[in-house]
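Residue strings, one per chain:
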Amino acid sequence: MKATTEYLWFQTKNHREYINITDSVEEIVTRSGIQEGMVLVSAMHITAAVYVNDAEDGLIQDIDEWLEKLAPFNPKYRHHRTGETNGDSHLKSLLMHHEVIVPITAGKLDFGPWQQIYYAEFDGQRRKRVIVKVLGE
Amino acid sequence: MKATTEYLWFQTKNHREYINITDSVEEIVTRSGIQEGMVLVSAMHITAAVYVNDAEDGLIQDIDEWLEKLAPFNPKYRHHRTGETNGDSHLKSLLMHHEVIVPITAGKLDFGPWQQIYYAEFDGQRRKRVIVKVLGE
Amino acid sequence: MKATTEYLWFQTKNHREYINITDSVEEIVTRSGIQEGMVLVSAMHITAAVYVNDAEDGLIQDIDEWLEKLAPFNPKYRHHRTGETNGDSHLKSLLMHHEVIVPITAGKLDFGPWQQIYYAEFDGQRRKRVIVKVLGE
């Protein structure tokens, strides 16, 4: 089994942001030389997510609005007694999940026609990281 | 490391449908000959999900109603400006997630007593695919 | 490829409970001797979850309240016609997901500063199990 590990760094301009990282992940898979296996793409923070869906701007705004409805900002979260103000960012992260596994077949991401990998930032404007770990042969 | 890749195809009669694919996945694992490892079961579309839960019809109807409540059909999604009408199908897919990893021990799915793998279709009546990738030894 | 499989057992005092299992998972990874790979941590029940987030008591109470809001107890679930009363536990499990994959680099969980692994029990007071499967080299 071969393993390659790389990290992607982000510092978003906005508090919440959605960034297509498919090309970056593909480059890491190519560099790894792994032909058959999988790549784990996992946020290293508890107020961010990694998900697979469509690269369509309208949908991304729909997702953002939907997340704010299901996991809204609220000054009253108990978590805020620690001095934090990002309780909603944790809940949004849990709803969307912090990681995906993408299959690799014949050296490429084995994706359907519309699948794209996104990093979703829910508490940005600071340096944050995603691990990309390729495993296989 | 050994790797086996197969694809399951679906064309549902209904717009939304829940299909137990545990037996199909088990057969692929058996064919692979892999004794220790994992199987990735991942929808290749962004309006479908793969999840693990109970094979109980009442619960499946509860899940469907719950999803419609948390991620309802709504003609006003921005995504619909592209001509689509399936904004809710994307949100349902994100809520349920598009993939699971099942451990393989001694050549079998290492599951608890009630765990079953489901393909959840949220925008059906067209041909769609799930990748089943077995990795291990 | 090397594989190690161990199981963690739980019997919670309360109906719902959140248990930090990071140290137990780390010990299993250390015992496995695997330096590069991943560990799958997966609930073997359909009314429990495994997730990665913060070890902060206020936040854990926020998560519990949020789950009860999005997937509430309700006597009217169809699933209850089977004699069960835990429809909400299944929905909470689906919302939080039953498993995570944690990358292993240089023999350790390759985590960001605040990431911790939790077992979330949504229908406790009985014996339940989590599989911890380490794969790699």
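Residues numbered from 1 in each chain as written. Chains lettered and ligands numbered in written order. Predicted model: local features only at pLDDT ≥ 70, side-chain atom pairs only at ≥ 80, totals over all residues. Heavy atoms only, no water.

1. So, the relation of the copies chain C and chain B
(1) Moving on: When chain C is fitted onto chain B, the two copies agree to an RMSD of 0.0 Å after a turn of 120° and an axial shift of 0.0 Å. Such a combination of rotation and displacement between the chain copies is what one expects of a three-fold axis. Closest approach to the rotation axis within chain C is made by the C-alpha atom of Met1(C), at a distance of 3.3 Å. (Least-squares fit on C-alpha atoms with pLDDT ≥ 70 in both.)

2. Focus on the confidence of the model for chain A
Reading predicted coordinates in detail is not appropriate for stretches of low pLDDT.
(1) Moving on: Chain-level pLDDT for chain A is 98 on average; 100% of the residues reach the 70-or-more range.
(2) Moving on: As scored by the predictor, the complex reaches a pTM of 0.98 and an ipTM of 0.97. (pLDDT = per-residue confidence, 0-100.)

3. Some words on helix α3 (residues 87-96) of chain B
(1) Moving on: Counted residue by residue, α3(B) has 10 buried out of 10 residues, so it is predominantly covered.
(2) Moving on: Taken together, the buried positions of α3(B) are Gly87(B), Asp88(B), Ser89(B), His90(B), Leu91(B), Lys92(B), Ser93(B), Leu94(B), Leu95(B) and Met96(B).
(3) Moving on: Among the structural elements, β4 (48-53), α2 (57-70) and α3 (87-96) of chain A, β4 (48-53) and α2 (57-70) of chain B together with α3 (87-96) of chain C are those in contact with the buried residues of α3(B).
(4) Moving on: Within two residues after α3(B), His97(B) carries a phi angle of roughly 75°, on the positive side. (Buried < 20%, exposed > 50% of the residue type's maximum accessible area, 1.4 Å probe, protein only. Helix = DSSP H or I, 4+ residues; strand = E, 2+ residues; numbered from the N terminus. Contact = heavy atoms within 4.5 Å.)

4. Focus on the interface of chain C and chain B
(1) Moving on: Taken together, the 28 residues of chain C in the interface contact 34 residues of chain B.
(2) Moving on: Summed over the shared surface of chain C and chain B, the result is 3 salt bridges.
(3) Moving on: The salt bridge involving Arg78(C) is made with Asp62(B); its shortest N-O contact spans 3.7 Å.
(4) Moving on: Joining chain C to chain B, the criterion identifies 15 residue pairs in polar contact (both at pLDDT 80 or more).
(5) Moving on: Elements supplying a minimum of two residues to the side of chain C that touches chain B: β1 (2-10), β3 (37-43), α3, β5 (99-105) and β8 (128-136) of chain C. (Salt bridge = Lys/Arg side-chain N within 4 Å of Asp/Glu carboxyl O. Polar contact = N/O pair within 3.5 Å; in protein donor to acceptor, adjacent residues only side chain to side chain.)

5. Describing the relation of the copies chain A and chain B
The relation between the two chain copies is a rotation about an axis coupled with a shift along that axis.
(1) Moving on: By a simple turn and slide, chain A fits onto chain B: the slide is 0.0 Å along the axis, the RMSD is 0.0 Å, and the turn is 120°.
(2) Moving on: Comparing interface residues between copies, only 18% of those in chain A also lie at the interface in chain B; the contact surfaces differ.

6. Re the interface of chain A and chain B
(1) Moving on: Tallying the contact residues gives 34 residues for chain A and 28 residues for chain B.
(2) Moving on: Of the roughly 2700 Å² buried where chain A meets chain B, counting both sides, 63% is carbon and sulfur surface.
(3) Moving on: Linking chain A to chain B there are 3 salt bridges.
(4) Moving on: Linking chain A with chain B are 15 residue pairs in polar contact (both at pLDDT 80 or more).
(5) Moving on: At the level of elements, β3 (37-43), β4, α2, α3 and β5 (99-105) of chain A are the ones that each hand at least two residues to the side of chain A that touches chain B.
(6) Moving on: Considering every element that reaches the side of chain A that touches chain B, the biggest residue donor is α2(A), with 8 residues.
(7) Moving on: Residues belonging to the side of chain A that touches chain B are distributed by class as follows: 18 nonpolar, 9 polar and 7 charged. (Buried area = accessible area lost by both parts, 1.4 Å probe. Nonpolar A, V, L, I, M, F, W, Y, C, P; charged D, E, K, R; others polar.)

7. What to know about the sheet that holds strand β6 (residues 108-109) of chain C
Residue and element names in this part refer to chain C.
(1) Moving on: Pairing within the open sheet is antiparallel, and its 5 strands lie in the order β1-β8-β3-β5-β6. What marks the edges here is a single partner per strand, and that holds for β1 and β6.
(2) Moving on: For β5 and β6, the ladder comprises 2 bridges, and the chain directions are antiparallel. From the neighbouring strand, Ile104 faces β6, where its bridge partner is Leu109.
(3) Moving on: Running at roughly 150° to β1, helix α1 (residues 22-32) makes contact with β1, β3, β5, β6 and β8 of the sheet. (Pairing = 2+ DSSP bridges. Axes fitted to C-alpha atoms, helices over the stretch in contact; angles between N-to-C directions.)

8. Observations regarding the packing of aromatic side chains
Aromatic ring pairs are reported here in terms of the distance separating the ring centres and the angle at which the planes meet.
(1) Moving on: The final tally for this structure, using the stated rule, is 9 aromatic pairs over all chains.
(2) Moving on: Measuring from centroid to centroid gives 5.5 Å for Tyr51(A) and Tyr118(A), while their planes differ by 10°, and the two rings are stacked. Taken as a pair, Tyr51(A) in strand β4 and Tyr118(A) in strand β7 (residues 116-121) lie far apart in primary sequence, 67 residues in all. For the pair Tyr51(A) and Tyr118(A), a shared accessibility class is recorded, and that class is buried.
(3) Moving on: For the ring pair Phe10(B) and Tyr119(B), a centre distance of 4.1 Å and an interplane angle of 10° mean the geometry is stacked. (Phe/Tyr/Trp six-rings, centres within 6.5 Å; stacked < 30°, edge-to-face > 60°.)

9. Some points on the side chain of His98(C)
(1) Moving on: Mapped onto the secondary structure, His98(C) falls in the loop between α3 and β5.
(2) Moving on: On the basis of relative accessibility, which here comes to 7%, the residue His98(C) falls in the buried class.
(3) Moving on: The contacts of His98(C), once residues within four sequence positions are left out, are Val52(B), Val100(B), Gln115(B), Val41(C), Ser42(C), Ala43(C), Ala48(C), Ala49(C), Val50(C) and Ser93(C).

10. Quick notes on the sheet that holds strand β2 (residues 17-20) of chain C
All names here are of chain C.
(1) Moving on: A sheet is described by the order of its strands in space; here 3 strands give the open sequence β2-β7-β4, paired in antiparallel fashion. Each edge of the open sheet carries a strand with a single partner, namely β2 and β4 (48-53). Looking at each pair of strands side by side, their axes are set apart by 25° on average, direction ignored.
(2) Moving on: In this structure, β4 lies alongside strand β7 (residues 116-121), joined through 6 bridges in antiparallel fashion. Of the residues in β7, the one forming a bridge with Tyr51 is Tyr118.
(3) Moving on: Packed on one face of the sheet, helix α2 (residues 57-70) meets β2, β4 and β7 and runs near 140° to β2.

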